[in-house]
Amino acid sequence: MALVVAALEIVALPGAPKVAYAVPPSCPEGANQCVVVTPPGCTASCPSVTVGPTAAVADGAYIYTQLSNFPAGDWASIEFCPASQSTSADPICANAPNGIAGITFVSAVSKVLPDGSDLLSYQVTSDPPGQGNEAIPGLDVDGNQTAAPFYCDNSPANGCDLEITDLGQGSGGIRPVTFPPFTTANTMVVPLVFAAASAGCPSTDPIVDTEGSFSIEQFLPSAVEATCADPSTGVIGLNIAIDSESVVSDFASGVAHLVFTDDPNDPAEQAALKGSQYVLIPVAASASVVSFLSASVLNSESTPSPESTYELTPNMVAGMLTAAYTSSYGSDLLVPPLTCKQVGCGKNTGLASSFNLLNAVPSGSTGPSSLLSGFSSVATGASDETTSWLCSMPNVAVPVKNTKGKTIPVVDQNVAATTLTTPGVNVNPWPFPSCTSYPVIPTLGKDEGDYGPAQTPAGQAKNIRTQWGGNLGEGPVPGLTGPNSAAGFGAMDWGDAAYFGLNAASLLNASGDFVAPSQSSIDAALNDATQLPNGTLAYDYTTTDPNAYPTPMVTYALLSTAPQPHDQVVAETDLLTNLVNFSHSPSGAVPLPAGYIPLPDNMYAQATNEIQTALTSIPAPPPTPLQTTTGSTSVGSTGTTSGPSAPPLETSAPTLSPGTLASTGLGSSVHVQQFGARGTSKSGSGVGPVVKSKPPNPGFVPHIISLLAGRDRWILPLLLGAMILCLPSGSLVLVVTTLRRRWARRKSAVTEPAT
Amino acid sequence: MTERDTWVPADMAVSTPLLLPPAPPRDVGMPVQTDTVGAWPPATPRHRRRSRGMRWDAVGVVLTGMGALLLLFFTYLYVFTPLTHGRDQHRLLQSLVGNRRAVYSLVAHQLPAEGKPIGILTIPALHQREVIVMGTSSADLQQGPGLMAHTVVPGDPGNSVIAGRRATYGAPFASLGTLVRGDRVDVVDGAGRFTFRVTSVRQLSGGQADAAPVRGQAWLTLVTSNSALDASGHLIVVAKAAVSSDVTGSLPRSRYDTTLAGLGGDPAAGILALLWGVAFVVGLGAALYAIRRSRQVWLPYMFATPVLLACGLFACESLARCLPATL
């Protein structure tokens, strides 16, 4: 039976609901658009799928699919298929359990919850032919072993889509082994349009090397791609994302003149910036989120199902952060002050945890049996904000539903300050002496299955997904056997959470409401913030604004106002202007990445004002003599890095002194390439200075690596010798023969007349 | 030769007695023939001297030409290769920061292919920042420092060995010997940022085994040639991670198999260099011939110049790959 793509309806969706398992009206991607797909011809009680993003899909992005109104207990699958298979009853779709290019492709199968909803996400790839790309292995969904690889791009021949299918009840509640035929009655097809392949930036664009905290790493490449094509103002910003404190430290030491930080008021960063000349310019608005993946257990069938929303209080986060709460059972009990009679936990008070009571599971189910602490172990604004929030928040009442469905306000007797500072077992000394902000969340030195800090958001996402995805490790999502009844949580910026397919939890604010990140909730929080003398915002974690998300985040550019070459200033300010314009009002083919909201008007005005001031006020450095790289004379007379000849062209070398422009084959470049001499230089011998070191540590073990010198070591000396020999000797021979010839002619001319 | 054939050597002509009739004008060394055609007379010493002179000319031209070509090669090696290195570094940096999925794949145990970027090495004391590529073959190190196969990725427990060139292709490790104990070395890759502190700087002679660090800790070894001219050994800098890597940040070792014995040059490139060299010489000869024969001199110049430039560049590039990879 032919399949027809269902009618697509693009909807603007409100914020996330507060109750789990309800039909979700929210777009899982937050600010980005979603599509809602229903079967054609269905007029009432239609199943639907909310999918997003479906346009400008980045390579490697996760596509959220939220199922609604599906038959309870049915199994649902998502397949990534070529568009040419959309009419097939047994389509050949992506199948690569071992992964290609870092992405695993399998059928994503999950059991629909009793309320008819389900949440799945699927990682897709833009895989055009050519360019050395490997084709995506394809296999028919019914397992008949018909294989055919395919490519994916936006061309008519290689279009790809997601096919979401209701597989029915299966047999005995077990996942169907063979799939039913895909028809219009059970399958919805959602075409995907990938982000247009970047044409690249013109080679005439100046290049500015930057460093930035993780909060900018998803934003900056999109912003550069959207703006670099302009021949007069386009700038290529090459950013390296690292922890916030290292960013500022490098800025203060002169490694970079333009960096981005999400935590400018971190005391360590402030200390590093002391004595530096700079201006802070707001560039991107987002949020610090507690990202998660979670699945509950349906006891009757022991089949986990993913949870789409989660509500967290400060104490719950404090407990997960310190690995004190490693299971939803028995963690952060709300009994007392509640009683089991009120919440229906019988004699099993362990069930009356905030994890279970605030994140209701269907009757007969339990929340995730294990909780992973997947926070960052390096300095990030998200860590700072999250710990500030949980330590600043008043202990407000939270709404809990009793057995009769009535909402009861409950004040948790466990408070974050106590949970955070209570020493854990076998950790001595306890790294949290007080409840305060921790830009760097101390690690506990534990190596347990429920504790997985990481140095990057990618690492955090991997650990969270591994906890949740089970045997397939970092597999896309439920995998063949479904997710574990487990959850992983970690604070990171919203942009990274969205990119890695992680959900963002709803956090309790001071008014007692659980609020999810969205444009409106972040705007509300930014409106409640106070501006500091340095131009940044101090967020109000105690605001009673019911709509405010507790932890908004603004990423600031740190621009050096110390003397710089004017061309460099122009390039930096052009880049900032492009970023700020894109952040405030993105237009064109490149949308604002998921997890970011448009920069508010007042911040945009502040940013443009500061950029303009910087452009006109940053002075040029005084003229300096050309520095020679005397340190490099250690390479001997053949060294090229010495002397006044053209300095090596490198794109990212830092400088300590005001630099000069180096013209490059790429057009004007703002890179300053002056390597100062360091240490003593040696001349002539070609052997660099060697620091006398101690004898090898007795703990060293002689190793396999035996660095042999081959015969090719003689090539260069021989060639050099040959050149030294040939040039003068050849010239000498030519001179001598020429002189002899002239002498012979002169001699013949003298004696000739005599005859 | 008949009696009528008279061979009058030029030098003897000037000493002809006055009684003889004046010799008719003729080319020096040419026989005087009247009515017969005969073989050329055997060469006289003057002719031999002339031939010797031409041979010496040829020797001089060949020697000078070889010297000039070698000079051009050294110019390529020390003036041009830093430019290509800079271009490659820019391209690698752009691909590293632009292709997020490739970077994040490191966390998923997916290592890039040989020659692809894997991270960024920063040495603040040397004001150096270089993109590290996978592999340490001669071609790999032309782009920048390379991660040696079968060693761990920086930050992973074990010894991560990064080799770099000392004198050519931007000489990223030219000043490595100036590092002192305690200097910081940072590596940023998809798994995080790892800070190392230099513990020792020393030289190893050819064949000397390199002592490896204690197992279980994260170490970094930077390797380059001990000399800018004669790579008879290696200069190594050993650094230890300032903080231990994540417990869960364990990454697998390189999977591909590359023979690295001594980080030597690429022997196959020698044949290529020879072929391109021959092509260059043949092209040069043909161009000179065409210039001599052609009435419109600009035509051969126009066609020959790009061809000779290309052949010359390829020959130089191939020859450069024959050199030790850390030079």
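Being a predicted model, the structure only gives us computed values, none of them experimental.

Re the overall build of chain B
When you go through chain B residue by residue, the secondary structure sums to 6 helices and 9 strands. By the burial criterion, 53% of the 327 residues in chain B qualify as buried. When the accessible surface of chain B is totalled, it reaches about 15100 Å², and 65% of it is carbon and sulfur.

With respect to the overall build of chain A
Each helix and strand counted, chain A has 14 helices and 31 strands in total. Buried residues in chain A amount to 56% of all 755 residues. Looking at chain A alone, contacts between residues at least 24 apart form 72% of all its contacts between residues at least 6 apart. Accessible area of chain A: about 29500 Å², with a carbon and sulfur share of 57%.

Remarks on the side chain of Thr221(B)
Residue and element names in this part refer to chain B. Mapped onto the elements, Thr 221 comes out in strand E8 (residues 218-225). A polar contact of 2.8 Å, which involves the side chain of Thr 221, links it to the side chain of Asn 159. Contacts of Thr 221, omitting those with residues within four sequence positions, involve Asn 159, Ser 160, Val 161, Ile 162, Ile 236, Val 237 and Val 238.

Focus: unusual backbone geometry
All names here are of chain A. Cis peptide bonds are those with omega within 30 degrees of zero, and the linkage from Val 335 to Pro 336 qualifies with -10 degrees. Note on placement: Pro 336 falls in the loop between helix H4 (314-321) and helix H5 (340-343). Of note, the phi angle at Asp 332 is positive, near 55 degrees, even though the residue is not glycine. Secondary-structure assignment places Asp 332 in the loop between H4 and H5.

Considering the confidence of the model for chain B
Residues and elements named next belong to chain B. Averaged over all residues, the pLDDT of chain B is 75; the fraction at 70 or higher stands at 70%. By mean pLDDT, helix H1 (residues 10-13) is the weakest element of chain B at 42, and strand E3 (residues 146-147) is the strongest at 92. Across residues 1-20 the pLDDT falls below 50, and counting only partners more than four positions away or on other chains, this stretch makes 23 contacts in the model. Ignoring residues within four places in sequence, the model shows residues 23-38, a span with pLDDT below 50, making 23 contacts including any to other chains. Two summary scores accompany this predicted model of the complex, namely pTM at 0.69 and ipTM at 0.73.

Details of helix H12 (residues 566-584) of chain A
If you check H12(A), its first and last C-alpha atoms are 26 Å apart, about what 19 residues at 1.5 Å a residue would give, namely 27 Å. Burial runs high along H12(A): 14 of the 19 residues are buried.

Notes on the confidence of the model for chain A
Looking at chain A, pLDDT values average 76 and 75% of them are 70 or higher. pLDDT under 50 marks residues 627-707 of chain A. Its contacts with residues more than four places away, or in other chains, come to 184 contacts.

Observations concerning the state of the cysteines
All names here are of chain A. Counted under the stated rule, the structure contains 3 disulfides over all chains. Sulfur-sulfur distance for the disulfide between Cys 152 and Cys 160 comes to 1.7 Å. An S-S torsion of about -95 degrees defines the bridge between Cys 152 and Cys 160 as left-handed. Comparing Cys 152 with Cys 160 shows no difference in burial state: the two are buried. Each sulfur in the disulfide pair Cys 391 and Cys 435 lies 2.0 Å from the other. Its S-S torsion of approximately -95 degrees makes the covalent link between Cys 391 and Cys 435 left-handed.

Here we look at the nonpolar core
Residues and elements named next belong to chain A. One finds Phe 219, Phe 260, Val 283, Leu 312, Val 400, Phe 489 and Leu 576 to be the most contacted residues of the largest nonpolar core, which totals 129 residues. Among residues more than four places away in sequence, those in contact with Leu 312 are Val 290, Val 317, Met 320, Trp 389, Phe 489, Ala 505, Ser 506, Leu 507, Leu 508 and Phe 514. Of all hydrophobic cores here, the second largest spans 31 residues; its members include Ala 94, Phe 105, Ile 136 and Val 190.

Here's the deal with the environment of Pro431(A)
Residues and elements named next belong to chain A. Within the secondary structure, Pro 431 is located in the loop between helix H8 (416-421) and helix H9 (457-469). The exposure class of Pro 431 is partly exposed, given its relative accessible area of 21%. Placed 12 residues apart in sequence, Pro 431 and Thr 443 show a C-alpha to C-alpha distance of 7.7 Å.

Some points on the sheet that holds strand E26 (residues 506-508) of chain A
Read from one edge to the other, the open sheet built from 3 strands follows the order E19-E26-E27 (chain A), with strand pairing classed as mixed. Looking at strand neighbours, the two that pair on one side only are strand E19 (311-312) and strand E27 (514-515) of chain A, the edges of this open sheet.

As for helix H7 (residues 381-392) of chain A
Residues and elements named next belong to chain A. Here H7 contains 12 residues, and its C-alpha end-to-end distance of 16 Å stays within 8% of the 16 Å for a straight helix at 1.5 Å per residue. Where burial is concerned, most of H7 is hidden: 10 out of the 12 residues are buried. Of the residues making up H7, those classed as buried are Gly 381, Ala 382, Ser 383, Asp 384, Glu 385, Thr 386, Thr 387, Ser 388, Trp 389 and Leu 390.

A closer look at the packing of H4(A) against H7(A)
Residue and element names in this part refer to chain A. One way to put it is that H4 packs onto H7 with a least axis distance of 9 Å and a crossing angle of 125 degrees. When the interaxial angle is binned, H4 and H7 end up oblique. In this structure, H4 meets H7 at a crossing whose hand is left-handed. Contacts between H4 and H7 involve Pro 314, Val 317, Ala 318 and Leu 321 from the former and Thr 386, Thr 387, Trp 389 and Leu 390 from the latter. For the contact of H4 with H7, the per-class residue count stands at 6 nonpolar, 2 polar and no charged.

Description of the sheet that holds strand E9 (residues 108-111) of chain A
All names here are of chain A. Strand order in this open sheet of 4 strands is E9-E5-E12-E13, and the pairing throughout is antiparallel. With partners counted over all chains shown, the strands left at the sheet margins are E9 and strand E13 (187-192), one partner each. Averaged over all pairs of adjacent strands, the angle between strand axes in this sheet comes to 20 degrees, irrespective of strand direction.

Some details on the pattern of salt bridges
Counted under the stated rule, the structure contains 7 salt bridges over all chains. Across the pair Arg129(B) and Glu211(A) runs a salt bridge, and its minimum N-O distance is 3.1 Å. Taken as a pair, Arg129(B) in strand E2 (residues 128-134) and Glu211(A) in strand E14 (residues 207-212) lie in two separate chains rather than in one. The same class applies to Arg129(B) and to Glu211(A), which are both buried. Ionic pairing is found between Asp186(B) and Arg184(B), a salt bridge with its closest N-O pair at 2.6 Å. Residue Asp186(B) is classed as buried on the basis of its relative accessible area, which comes to 1%. Three or more residues are tied together by salt bridges with common partners; here these are Asp250(A), Arg184(B) and Asp186(B).

Focus: the packing of aromatic side chains
Working definition: an aromatic ring pair is given by the centre-to-centre distance plus the angle between the planes. All names here are of chain A. This model, assessed by the stated rule, comprises 16 aromatic pairs over all chains. Measuring from centroid to centroid gives 6.4 Å for Phe 179 and Phe 182, while their planes differ by 20 degrees, and the two rings are stacked. Chaining the aromatic ring pairs together yields one cluster made of Phe 80, Tyr 122 and Phe 150.

Side note on the packing of helix H1 (residues 219-227) of chain A against H12(A)
Residues and elements named next belong to chain A. Interaxial distance between H1 and H12 falls to 9 Å at its minimum, and their mutual angle equals 100 degrees. In terms of orientation, H1 lies roughly perpendicular with respect to H12. Along its contact with H1, which presents Phe 219, Leu 220, Ser 222, Ala 223, Val 224, Ala 226 and Thr 227, the element H12 presents Leu 575, Asn 578, Leu 579, Phe 582 and Ser 583. Residue composition of the contact of H1 with H12, by class: 8 nonpolar, 4 polar and no charged.

How each quantity is defined
- Residues numbered from 1 in each chain as written.
- Chains lettered and ligands numbered in written order.
- Predicted model: local features only at pLDDT ≥ 70, side-chain atom pairs only at ≥ 80, totals over all residues.
- Heavy atoms only, no water.
- Helix = DSSP H or I, 4+ residues; strand = E, 2+ residues; numbered from the N terminus.
- Buried < 20%, exposed > 50% of the residue type's maximum accessible area, 1.4 Å probe, protein only.
- Areas by Shrake-Rupley, 256 points an atom, 1.4 Å probe, with all protein chains shown as cover.
- Contact = heavy atoms within 4.5 Å.
- Polar contact = N/O pair within 3.5 Å; in protein donor to acceptor, adjacent residues only side chain to side chain.
- pLDDT = per-residue confidence, 0-100.
- Expected span 1.5 Å × (residues − 1).
- Disulfide = S-S within 2.5 Å.
- Core = buried A, V, L, I, M, F, W, Y, C linked by side-chain atoms within 4.5 Å.
- Pairing = 2+ DSSP bridges.
- Axes fitted to C-alpha atoms, helices over the stretch in contact; angles between N-to-C directions.
- Parallel < 35°, antiparallel > 145°, perpendicular 65-115°, else oblique.
- Left-handed = near helix turned anticlockwise from the far one by under 90°.
- Nonpolar A, V, L, I, M, F, W, Y, C, P; charged D, E, K, R; others polar.
- Salt bridge = Lys/Arg side-chain N within 4 Å of Asp/Glu carboxyl O.
- Phe/Tyr/Trp six-rings, centres within 6.5 Å; stacked < 30°, edge-to-face > 60°.

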